[in-house]
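Overview (structure and organization)
Next come the chains, spelled out residue by residue.
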Amino acid sequence: MKLNYHHLFYFWNVAKTGHLTRAAESLHVSQSALSGQIRKLEDSLGYELFVREGRRLRLSEAGRVAFGYAEDIFRQGEELTALFSSGTQTNRESLKVGAVATLSRNFQEGFLKPLLGREDLELSIQSGTLEDLLRRLSANRLDLVLSNQPVHGDEENPWRSRRIARQSVSVIGPPGATDAKTFPELLTERSLIVPGQENNIRHAFDQLCDYHKLSPRIVAEVDDMAMMRLLARDTRHFAVLPPVVVRDELQAGSLFDYGALPGVFEEFYAVSIRRQFEPPLLTSLLSQPSEELLTRSSNWSF
């Protein structure tokens with residue numbers, strides 16, 4: 001069997017848009033002609049590449065595999081053009097990672113550290129809501145999503161969710177600001193900055209307070225961990241945070257970890273598309289020891 005790259009190019013464009021009509025318009029061909037070209041590709045490969053959902057097309061498992069190869073093939077074609085036009089050869093891999101906007105930047109850096117500084121890799125990091133990132137993942141616009149909550153896949157969305165790290169949540173504050181050294185006094189002596197209502201940490205924190213009949217003084221509810229880090233650093237208030245968020249401040253001594261809250265954790269998940277053959281780059285990232293992800297320094301050596 002000889003692969004028809006013209007058919008593959010048409011398939012690649014339809015897969016990127018998820019819509020036959022839009023792809024036909026961008027390629028300046030009729031919808032029926034485009035559909036016929038894709039059917040010929042499916043016949044030659046022996047697999048259906050799309051699953052129809054109304055007017056939209058969703059990639060099948062075979063389609064996702066074919067799309068990955070098509071991405072590499074046509075990216076190398078662009079590199080070939082660049083080589084002859086500029087005289088330089090890029091020959092770079094690519095990886096597109098999405099991260100929930102509220103996820104710790106320190107954790108994201110620690111997870112991606114093995115890839116930083118690689119000249120042969122084009123790394124794209126995107127942020128957004130979990131729902132938006134999962135849509136991009138299903139449309140093959142992302143290779144991996146980092147989240148602080150698990151995701152359950154199904155036949156329509158074959159997501160695979162893996163817990164890659166877990167850390168206790170602590171009461172963080174300025175050093176020497178309180179005589180209270182143990183729970184629950186830590187939660188009643190000072191005003192607190194806490195995560196927003198939709199955060200899993202906040203749910204566990206509220207349950208802990210309810211169980212012990214505590215009524216802490218909450219001065220701020222903050223959805224974004226980067227903002228919580230700034231408020232913890234620049235105010236005299238205490239914050240309910242995973243230590244990885246303020247790792248640099250703890251190491252420098254500008255903040256102090258007054259102790260972990262019992263039963264309150266933040267978990268970190270990597271969500272990908274379930275596939276038979278996982279790209280080696282993802283396999284390497286997902287095999288990292290969880291302890292290293294939480295303790296790596298942000299001072300990268302390239």
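Up top is the structure.
Each chain has its residues counted from 1, running along the sequence as written. pLDDT decides what is reported in this predicted model: residues at 70 or higher carry local features, side-chain atom pairs at 80 or more are listed and counted, and totals for whole chains, interfaces and linings draw on all residues regardless. Water and hydrogen atoms were dropped before computing side-chain values, which therefore reflect all heavy atoms in the structure.

**Regarding the overall build of the protein**
Within the protein one finds 12 helices and 10 strands. Viewed in the frame of its principal axes, the protein has a C-alpha envelope of about 75 × 45 × 30 Å. Sorting the 302 residues of the protein into buried and exposed places 44% on the buried side. Per-residue and other accessible areas follow the Shrake-Rupley method at a 1.4 Å probe size, with only the shown protein chains counted as cover for residues. Summed over its atoms, the accessible surface of the protein is roughly 16000 Å², and 50% of this surface lies on carbon and sulfur atoms. Distance between charge centres in the protein, computed from 35 positive and 39 negative side chains, equals 3 Å. Secondary structure elements follow DSSP: runs of H or I no shorter than four residues count as helices, runs of E no shorter than two count as strands, and numbering proceeds from the N terminus. Type-normalised accessible area, obtained with a 1.4 Å probe on protein chains alone, sets the label of each residue: buried when under 20%, exposed when over 50%, and partly exposed for intermediate values. His is not counted, nor are the chain ends, whereas Lys and Arg count as positive and Asp and Glu as negative. We put the charge of a Lys on NZ, of an Arg on CZ, of an Asp on CG and of a Glu on CD.

**Topic: the sheet that holds strand S6 (residues 159–173)**
Strand pairing is assigned whenever DSSP identifies at least 2 bridges connecting the two strands. Read across the open sheet, the eight strands follow the order S4-S3-S5-S10-S6-S9-S7-S8; overall the sheet is mixed. Sheet topology places strand S4 (121–128) and strand S8 (218–222) at the edges, where each strand pairs with a single neighbour. Each neighbouring strand pair of the sheet contributes to a mean axis angle of 20°, computed without reference to strand direction. As defined by bridge partners, strand S5 (residues 144–147) adjoins strand S10 (residues 256–273) across three bridges and the pair is classed as antiparallel. Note that in S10 the partner of Leu146 across the bridge is Ala270. Axis geometry follows a simple rule: fit a line to the C-alpha atoms, using only the stretch in contact for helices, then measure angles between N-to-C directions, giving values from 0 to 180 degrees.

**Notes on the nonpolar core**
Put simply, a nonpolar core is a bunch of buried Ala, Val, Leu, Ile, Met, Phe, Trp, Tyr and Cys residues held in one set by side-chain atoms that sit within 4.5 Å of each other. Membership of the largest hydrophobic core comes to 51 residues, with the highest contact counts inside it found for Phe107, Phe111, Leu146, Ile164 and Leu241. Here a residue-residue contact requires only that any non-hydrogen atoms of the pair lie within 4.5 Å. In this view, Phe107 contacts Ile164, Ala165, Val244, Phe268, Leu293 and Leu294; residues no more than four positions away in its chain are not counted.

**Observations concerning the pattern of salt bridges**
The term salt bridge refers to a side-chain nitrogen of Lys or Arg lying within 4 Å of a carboxyl oxygen of Asp or Glu. Under the definition given, this model contains 14 salt bridges. In this structure, the salt-bridge partner of Glu267 is Arg166, at a minimum N-O distance of 3.3 Å. Taken together, the residues Glu267 in strand S10 and Arg166 in strand S6 connect sequence positions 101 residues apart. You can call Arg166 partly exposed: its relative accessible area is 42%. The partner of Arg202 in a salt bridge is Glu221, with the nearest N and O atoms 2.9 Å apart. Here the residue Arg202 occupies a position in helix H8 (residues 200–211), and Glu221 occupies one in strand S8, the gap between them amounting to 19 residues.

**A word on the packing of aromatic side chains**
Each Phe, Tyr or Trp ring, with Trp reduced to its six-membered ring, pairs with another whose centre is within 6.5 Å; inter-plane angles below 30 degrees give stacked pairs, above 60 give edge-to-face pairs, and intermediate values give tilted ones. As enumerated under the stated definition, the model contains seven aromatic pairs in all. Relative to Phe74, the ring of Trp12 lies with its centre 4.8 Å away and its plane at 25°, an arrangement referred to as stacked. Placement of Trp12 in helix H1 (residues 5–17) and of Phe74 in helix H4 (residues 61–86) is noted, with a sequence separation of 62 residues between them. Of the two residues examined, Trp12 and Phe74, each falls in the buried class. A centroid spacing of 4.9 Å and a plane angle of 25° characterise the contact between Phe238 and Tyr258, whose relative ring orientation is stacked.

**Structural notes on the side chain of Glu249**
Summarising the element assignment, Glu249 is placed in helix H10 (residues 247–252). In this structure Glu249 comes out as buried when scored by relative accessible area, which is 5%. Setting aside residues up to four positions removed in sequence, Glu249 forms contacts with Arg229, Arg233, Ser254 and Leu255.

**As for the pairing of strand S1 (residues 50–53)**
Along any regular strand the residues' side chains alternate between the sheet's two faces. As paired elements, S1 and strand S2 (residues 56–59) share four bridges and run antiparallel to each other. Of the residues in S2, the one forming a bridge with Arg52 is Leu57. Joining the antiparallel neighbours S1 and S2 is a turn of two residues, in which Gly54 adopts a positive phi near 65°.

**A few points about unusual backbone geometry**
A positive phi angle, close to 60°, is found at His28, a residue other than glycine. Of note in this structure, Lys213 is not a glycine but carries a positive phi near 55°. Relative to the helices and strands, Lys213 is located in the loop between H8 and S8. The exposure class of Lys213 is exposed, given its relative accessible area of 74%.

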